[in-house]
Amino acid sequence: MLTPGAYEDRQSLHLRLLVMQSVVVGLFFVLASAFWVLQVVQYAELSDRSERNHLRTIPLRAPRGVLFDRNGEVLVQNRRSFRIAIVREQTPDVAGTIQQLSRVTGVSIAEIAGVVERRRTDPIFRPIPVIEHATDEQVAAVIAQKLELPGVMVEQVPMRAYPDGGLAAHVFGYVGEVQPGQLQRAEFSGLQPGAIVGQSGLEQTYNSSLMGTDGNRFVVIDSRGREIEELERENPVDGRRVQLTIDIDMQRALEEAFAADGFDGAAAFLDPATGEVLALTSLPAYDPNNFAAGISSATWSALNADPLRPLGNRLIRGLYSPGSTFKIVMAIAALEEGVITPETEISCRGSAVFYGRSFKCWKAGGHGRMTLRHALEQSCNVFFYTLGERMSVDVINKWAGRLGLVGMTGIDLPQEKASFIPSTEWALTARSDGRWYPGETVSVAIGQGAVSVTPIGLATMMATVANGGTLRSPRLVKAIDHGQGWEVVPLPAPRSHVVIDPEHLAAVRDGLWMAVNTPQGTGTTRGRIIGKDVSGKTGTSQVISNDGKAAAQASERAAGRDPRIYEDHGWFVFFAPRDNPEVAGVVFTEHSEHGYLSAPIAKYVLETYFAKKEGRPLPKYKSAVVPAASAVPAGGARAGGGGGGGGQ
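Bear in mind the structure is a predicted one, so any value in this text is a computation, not a measurement. (Residues numbered from 1 in each chain as written. Predicted model: local features only at pLDDT ≥ 70, side-chain atom pairs only at ≥ 80, totals over all residues. Heavy atoms only, no water.)

## Focus on the packing of aromatic side chains
Piece 1. Under the counting rule described, the total for this entry stands at 19 aromatic pairs.
Piece 2. Here the aromatic rings of phenylalanine 420 and tryptophan 426 are separated by 5.1 Å at their centres, their planes lie at 65°, and the arrangement is edge-to-face.
Piece 3. An aromatic cluster is defined as three or more aromatic residues linked by ring pairs; in this entry it consists of Tyr174, Tyr286, Phe291 and Trp300.
Piece 4. Here the basic side chain of arginine 402 rests over the ring of tryptophan 399, its NZ or CZ set 4.7 Å away from the ring centre.
Piece 5. The ring of phenylalanine 610 has lysine 532 sitting right over it, with the charged end atom 4.9 Å from the ring centre. (Phe/Tyr/Trp six-rings, centres within 6.5 Å; stacked < 30°, edge-to-face > 60°. Lys NZ or Arg CZ within 6 Å of the ring centre and 35° of its normal.)

## Notes on the confidence of the model for the protein chain
Piece 1. Counting all residues, the mean pLDDT for the protein chain is 87, and 87% of those residues have values of 70 or more.
Piece 2. Throughout residues 627-646 the model reports pLDDT below 50, and contacts reaching past four residues in sequence, or to other chains, amount to 58 contacts. (pLDDT = per-residue confidence, 0-100. Contact = heavy atoms within 4.5 Å.)

## What to know about the side chain of aspartate 412
Piece 1. Along the chain, aspartate 412 falls in the loop between helix H16 (393-402) and helix H17 (424-430).
Piece 2. In this structure the side chain of aspartate 412 is engaged in a polar contact, spanning 3.1 Å, whose partner is the backbone nitrogen of leucine 476.
Piece 3. When residues no more than four places from it in sequence are discounted, the contact partners of aspartate 412 are Leu202, Thr205, Tyr206, Pro474, Arg475, Leu476 and Val477. (Helix = DSSP H or I, 4+ residues; strand = E, 2+ residues; numbered from the N terminus. Polar contact = N/O pair within 3.5 Å; in protein donor to acceptor, adjacent residues only side chain to side chain.)

## Brief notes about the pairing of strand S22 (residues 569-576)
Residues in a regular strand project their side chains so that they alternate between the two faces of the sheet.
Piece 1. Buried residues dominate S22, accounting for eight of its eight residues.
Piece 2. Side chains of S22 alternate between two faces, with His569, Trp571, Val573 and Phe575 and Gly570, Phe572, Phe574 and Ala576 buried alike.
Piece 3. Two strands pair when backbone bridges link them, and strand S21 (residues 535-541) and S22 are joined in this way by seven bridges, in the antiparallel orientation. Counted as the bridge partner of serine 535 is phenylalanine 575 from S22.
Piece 4. As defined by bridge partners, S22 adjoins strand S23 (residues 583-590) across seven bridges and the pair is classed as antiparallel. Of the residues in S23, the one forming a bridge with alanine 576 is valine 583.
Piece 5. As consecutive antiparallel partners, S22 and S23 are separated by six residues. (Buried < 20%, exposed > 50% of the residue type's maximum accessible area, 1.4 Å probe, protein only. Pairing = 2+ DSSP bridges.)

## A few points about the nonpolar core
Piece 1. Judged by nonpolar contacts, the single largest core of 93 residues is most densely connected at Phe383 and Phe384.
Piece 2. Both of domain 1 (55-144 + 154-222 + 234-244) and domain 2 (248-288 + 313-480 + 489-618) provide at least three residues apiece to this core.
Piece 3. Counting residues in each nonpolar core, the second largest holds 30 residues, with Phe574, Ile601, Leu606 and Phe610 among its members. (Core = buried A, V, L, I, M, F, W, Y, C linked by side-chain atoms within 4.5 Å. Domains from an automatic or database assignment.)

## A look at the sheet that holds strand S12 (residues 277-283)
Piece 1. Taken together, the five strands give an open sheet; going across it, the order is S12-S11-S23-S22-S21, and neighbouring strands pair in antiparallel fashion. Strands at the two margins of the open sheet, each flanked by one partner only, are S12 and S21. Strand-to-strand twist of the sheet, defined as the mean angle between neighbouring strand axes without regard to direction, takes the value 10°.
Piece 2. Where strand S11 (residues 264-270) lies against S12, six bridges are found, and the strand directions are antiparallel. Bridge pairing in S12 places glycine 265 opposite leucine 283.
Piece 3. Across the sheet, helix H19 (residues 455-467) lies against S11, S22 and S23, angled at about 150° from S23, the strand it touches most.
Piece 4. Strands in contact with helix H20 (residues 502-517) are S21 and S22; relative to S21, the strand with the most contacts, it is inclined by about 70°. (Axes fitted to C-alpha atoms, helices over the stretch in contact; angles between N-to-C directions.)

## Remarks on H20
Piece 1. In this model, H20 (16 residues) spans 22 Å end to end at C-alpha, consistent with the 22 Å of a helix rising 1.5 Å per residue.
Piece 2. Where H20 is concerned, the buried positions are His504, Leu505, Ala507, Val508, Arg509, Gly511, Leu512, Met514, Ala515, Val516 and Asn517.
Piece 3. Packed against the buried residues of H20 are helix H13 (327-336), helix H14 (372-378), H19, S21 and S22.
Piece 4. For H20, the N-terminal capping position is held by aspartate 501, with its side-chain oxygen 2.8 Å away from the main-chain nitrogen of glutamate 503. (Expected span 1.5 Å × (residues − 1).)

## Describing the side chain of serine 592
Piece 1. The residue serine 592 is located in the loop between S23 and helix H22 (599-614) in this model.
Piece 2. On the basis of relative accessible area, serine 592 is assigned to the buried category, the value being 2%.
Piece 3. Beyond its immediate chain neighbours, meaning those up to four positions away, serine 592 contacts Phe263, Asp568, His569, Gly570 and Leu597.

## Some remarks on the pattern of salt bridges
Piece 1. Under the defined criterion, the tally for this structure stands at 28 salt bridges.
Piece 2. The salt bridge partner of aspartate 122 is arginine 119, with a shortest N-O separation of 2.6 Å.
Piece 3. The buried category is assigned to aspartate 122, whose relative accessible area is 7%.
Piece 4. Three or more residues joined by partner-sharing salt bridges are found here, namely Glu73, Asp247, Asp249, Arg252 and Lys612. (Salt bridge = Lys/Arg side-chain N within 4 Å of Asp/Glu carboxyl O.)

## Observations concerning unusual backbone geometry
Of all residues except glycine, most have a negative phi; of all peptide bonds, most are trans.
Piece 1. The omega angle of the peptide bond from leucine 283 to proline 284 is 5°, so this bond is cis rather than trans.
Piece 2. Mapped onto the elements of the fold, proline 284 is located in the loop between S12 and helix H10 (289-292).
Piece 3. The omega torsion of the bond from alanine 576 to proline 577 falls at -15°, within 30 degrees of zero and hence cis.
Piece 4. Inspection of the secondary structure assignment puts proline 577 in the loop between S22 and S23.
Piece 5. Its identity as a non-glycine residue notwithstanding, histidine 133 has a phi of 55°, on the positive side.
Piece 6. Structurally, histidine 133 can be placed in strand S4 (residues 128-134).
Piece 7. Residue class for histidine 133 comes out buried when judged on its relative accessible area of 17%.
Piece 8. A positive phi is found at alanine 168, a non-glycine position, where the angle reads about 60°.
Piece 9. Within the element layout of this structure, alanine 168 appears in the loop between strand S5 (152-161) and helix H6 (169-172).

## Details of the packing of helix H3 (residues 94-105) against helix H5 (residues 136-144)
Piece 1. At a minimum axis distance of 9 Å, the contact between H3 and H5 shows a crossing angle of 130°. Regarding the angle of H3 to H5, the classification is oblique. Handedness of the H3/H5 crossing: right-handed. On the side of H3, the interface is formed by Leu101, Val104 and Thr105, while H5 contributes Gln138, Ala141 and Val142.
Piece 2. Class assignment for the residues of the contact of H3 with H5 results in four nonpolar, two polar and no charged. (Parallel < 35°, antiparallel > 145°, perpendicular 65-115°, else oblique. Left-handed = near helix turned anticlockwise from the far one by under 90°. Nonpolar A, V, L, I, M, F, W, Y, C, P; charged D, E, K, R; others polar.)

Below, the structure written as structure tokens:
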């Protein structure tokens, strides 16, 4: 018999049991769903994360290939360095770790945080190098406080090492971290952020050969990010060894002479038979080691703000009036076009009138009657003004191109600029009236006016004249070791070959030999080497007209700046020996005032070349003393008036 209320109690109990059963079933359903999501839907992601919780992949940077000179002397190599990196996945408090790392290493918080911010899109398990080329003290401090710096690691990496003082800096170039924009280019496909690549010079041109292949270490770590053991190692593959055409003794001699004379500028010494570069420079330069060590913002800003532009390669990017060196092109063009013969005489009285305007020679009293040989020897402006009157600018452009002085030379350095010789076609498109005026051709004839060439362009022109008309691109790499020993890099095919009448070529060579080896020559004694038949031509090119020069320099002085920026540039182009040339090239001294002051530099490097070839001790350089204006030798004074400079 049920007591009063018993039925209601049983109903209430049943309801409670039903609710509890529903809750339990619901919980089991939730758990089952969670297990399904974790073990099925998110399996791949969580499995990868689990692996990374105890495994770490540490990249091993491959050393870049070593550079050698043509005789096997090491030019650029690698040395070991340490870097400090942060692994964000192993760092519970990245901001706190950055502060602590700053305190123990002395590197500012802003600098470390800036690196992390730039690499914020990298996978969080990938180490971010925040201090490149850490000092021994910084490494010791980080290791000593490893427990307080979770996720911070020290790695040993190879670092590029260049000759002291930036020797041949513009030849080698420099390396740096690959930039985000570069990663989008095909040549950098597959590289990770932080990879070190060539950014200029040969480091850039031959980056794919020099880079090598990075390796990896696979290690086990604990929950604090500390390494327990190494599971596997993929060793990096070194970059390929590269042998250059450079002769390091000639290179040292070249830069030593520039430094002794106190000039900036550019120079190149070529083998005219092959186009191989024996030495080249652009000054002022920079120290590539500053880039290899991770250039600071202060150093980078200073280099870019320097008015002397040390980062700019004057040899291949500087455009200048060639001055009287252009008379070599004019001589060959006039002879080959039948405008003159080697025996044609032209009278120089110190000036001449062309198209109603007076054009002055550098020698006020004139040279008298001259043939081509003596006109080259003494750099007679009137002789070449006359050739300019007798030839069209298009004919001059044609022969300048055939000799290598139009466009780029094709040297294996990046960012070369093109030499420019005007033409009527150019005037038609570049000028509002579309006209080229005959009087302008007279100025072009002595390398002034609308003529601008690179020093490497002039060196190539001289090599073409020296070898008899074969136009070759200058080359800096002789051989590459692909792992089986040195393999010679084939020379590029000649760009062209122009047939020059042997009689005409002999007349030009005679005049260039006389310019260096006779008392009347504009380069006499300064470029002469007894028994070596150095042949060449000096040139002086104006930066500004003589009329405006004094005022411009006064303005610079008043502003506290260097007035020498308006001084003329000096050139010396050459080859030696005369009849069987082995070396040809150019020396360009910026703001040196006189072309003949470039000749001693060329002479010293040529003496070094011949001394090495003959097994003699290398010479010592005796710096040229810049003469006062009153002591300028015959043929050395700057031209003035009408035609403007032209230089000797």
